[in-house]
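Residue-level listing of the chains:
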Amino acid sequence: VEYFDWKTESFIQNALQLMNQQKWLDETTKVNNFSIRFHIKEFYFWKKKIDVSVHDYPGCTFSAAFRSYNEIDTNSSNLTNNSKDEFINKLINSEGIFLLIECVDLNSGYNEDLNQQLFNLSETIQGKTKVAILFSKCDLIVDKPFSPLDKFQELYPNIWSKFQKQNIRFFQISSVNKTVI
């Protein structure tokens, strides 16, 4: 791994340190931009370089952008109509999106706002952008066994169906247990 700036290196090193202590990262409170170059050994001496640019947004940014096409909730986000359009354009033009859904929220039951936001995301990207839904913090669920994928299918069957048609992938991640892919 090669970092393009000290901010990226500091963030990654801090994240790794927290995960090694089996702790979760703090919630994202502002937009962060990171640039990383991965060196992947393809065949003996030949290496492939992949440059990754990451734009990490607070969850309220996604919620505000996809709440409704005509509504902006300025109380929960700093999005204006222009920044909402800019955020959505970045998503549409990106090569991929990682969307985190916390298992604690999923385990709380159906959420109409989340249903609407996911529907609007699906309608916006229409299968043109790769999306990975990451179920995070599943280790915080005390009800065992807990399958976030089964819970998602149960709570949001119509969204599940739309996502299947758009080839959206689902993963469960954990900082304290073995990651399930």
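The sections below set out a description of the structure shown in this document. Just so it is clear, the model here is predicted, and its values are computed rather than measured. (Residues numbered from 1 in each chain as written. Predicted model: local features only at pLDDT ≥ 70, side-chain atom pairs only at ≥ 80, totals over all residues. Heavy atoms only, no water.)

### Quick notes on the nonpolar core
- Counting 29 residues, the largest nonpolar core has Phe-66, Leu-118, Ile-133, Phe-135, Phe-152 and Phe-163 as the members making the most contacts within it.
- Broken down by secondary-structure element, the contributors of at least two residues to this core are α2 (59-66), α3 (81-93), β4 (96-102), α4 (103-107), α5 (112-125), β5 (130-136), α6 (148-155) and α7 (157-165).
- The element that contributes the greatest number of residues to this core is α5, accounting for four residues. (Core = buried A, V, L, I, M, F, W, Y, C linked by side-chain atoms within 4.5 Å. Buried < 20%, exposed > 50% of the residue type's maximum accessible area, 1.4 Å probe, protein only. Helix = DSSP H or I, 4+ residues; strand = E, 2+ residues; numbered from the N terminus.)

### Re the packing of aromatic side chains
- A full pass over the atoms with the stated rule returns eleven aromatic pairs.
- When the centroid spacing of 5.3 Å and the interplanar angle of 55° are considered together, the rings of Phe-152 and Phe-170 count as tilted. Placement of the pair is Phe-152 in helix α6 and Phe-170 in strand β6 (residues 169-172), with a sequence separation of 18 residues.
- On the basis of relative accessible area, Phe-170 is assigned to the buried category, the value being 15%.
- Residues Phe-163 and Phe-170 carry aromatic rings whose centres are separated by 6.2 Å and whose planes lie at 40° to one another, so their mutual orientation is tilted. A single burial state applies to Phe-163 and to Phe-170, both of which are buried.
- Within the aromatic cluster, the residues linked to one another by ring pairs are Tyr-110, Phe-135, Phe-152, Tyr-156, Trp-160, Phe-163 and Phe-170.
- Just above the ring of Phe-34 sits the side chain of Lys-7; from NZ or CZ to the centre is 5.8 Å. (Phe/Tyr/Trp six-rings, centres within 6.5 Å; stacked < 30°, edge-to-face > 60°. Lys NZ or Arg CZ within 6 Å of the ring centre and 35° of its normal.)

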